[in-house]
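Chain by chain, the residues:
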Amino acid sequence: MIEIKNLTKKFDDFTAVDDLSLTIKTGEFFGLLGPNGAGKTTTISMLSTLLLPTQGEILIDGERLTRKRPALKRKISVITQEYSMRQDMTMDEIMEYQGRLYFMPVKKIREKSEELLEFCELLPFRNRKVRHLSGGMKRKLMVCRALLTDPEILLLDEPTAGMDALSRRQMWNLLRQLNDRNLTILLTTHYMEEAQSLCERVAMLQHGRLEEVNTPQGMIEALGCYTVDHMTAAGTVSRYFHERGQAITYLSKLEGKCTLRDTTLDDVFIERAAQKK
């Protein structure tokens, strides 16, 4: 279990994370959502101990997380937005280098690498240098590297950024399989469809502060499960309804091009952003 208590991070006069408190259950797939500058990456950086909090604390299974707790830190692996791998190394070399950083026996590194590369469907490409891998393959390799030390918590900061639609769906399937193994996953993403598909619960952040924690479906239901889009000269106007019959009645009175569809987490995000203006 991850417990975030009154977490605050300041950079001089700027507060990036402001008194954040959250509890993430063991084995949960949890999402951190919000616009650019909401504090998502800063929160991930504090959970990985890359940054130290100005105030507050993080507990992992009841123990306070600090840089001086290597056994506790070992429970956590991070996948960053950037491709943080040597371009002139092969997959096997990347995995062995990572294992040696954690003083793993060479035999264990090679056994675990074989297992993970096969799990991520990368085994046929193990001798290919990183510079010659596709974006999707690089992301999968970063997952393999992160899992090498058998972490209990996986922190994902925009893991599918820049991936094409097929590679993104493949990554989703991979993450679901990992979560099914009781791996706790904390995800930041700008893709609302990704959060809606993967996360059991999500937290909405705005200017470093927590606005709401709920299931994706709970947030959708609060807005209205049915959406009518009306294409006008000024642009698309969307209205949300809790009952399908109400949406159909409204739709029948409109002229021009209009559609009825299910509301998505994208709509929730867009409506909240519009209300802030």
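Residues numbered from 1 in each chain as written. Predicted model: local features only at pLDDT ≥ 70, side-chain atom pairs only at ≥ 80, totals over all residues. Heavy atoms only, no water.

In the annotation of an unreviewed UniProt entry, the chain is listed under the name ABC transporter ATP-binding protein and assigned to Muricoprocola aceti. Its UniProt record gives the chain a comment under Sequence similarities (unreviewed entry), which states: "Belongs to the ABC transporter superfamily." (UniProt positions renumbered as here; feature names shortened; annotations may be inferred.)

Caption draft 1: Here's a closer look at the environment of M89. With respect to the helices and strands, M89 occurs in the loop between β6 (76-79) and α3 (91-101). Residue classification places M89 among the buried residues on the basis of a relative accessible area of 15%. Each C-alpha atom, one on M89 and one on L148, is 17 Å from the other, the two residues being 59 residues apart in sequence. Among residues more than four places away in sequence, those in contact with M89 are I94, Y97, R128, K129 and V130. (Helix = DSSP H or I, 4+ residues; strand = E, 2+ residues; numbered from the N terminus. Buried < 20%, exposed > 50% of the residue type's maximum accessible area, 1.4 Å probe, protein only. Contact = heavy atoms within 4.5 Å.)

Caption draft 2: Structural context of the packing of α3 against helix α5 (residues 135-147). Contact geometry of α3 with α5 gives a least axis separation of 9 Å together with a crossing angle of 30°. Here α5 runs roughly parallel to α3, going by the angle between their axes. Here the hand of the crossing between α3 and α5 comes out right-handed. Residue-level inspection shows M91, I94, M95 and Q98 of α3 in contact with α5, the latter providing L141, C144 and R145. Classifying every residue of the contact of α3 with α5 gives five nonpolar, one polar and one charged. (Axes fitted to C-alpha atoms, helices over the stretch in contact; angles between N-to-C directions. Parallel < 35°, antiparallel > 145°, perpendicular 65-115°, else oblique. Left-handed = near helix turned anticlockwise from the far one by under 90°. Nonpolar A, V, L, I, M, F, W, Y, C, P; charged D, E, K, R; others polar.)

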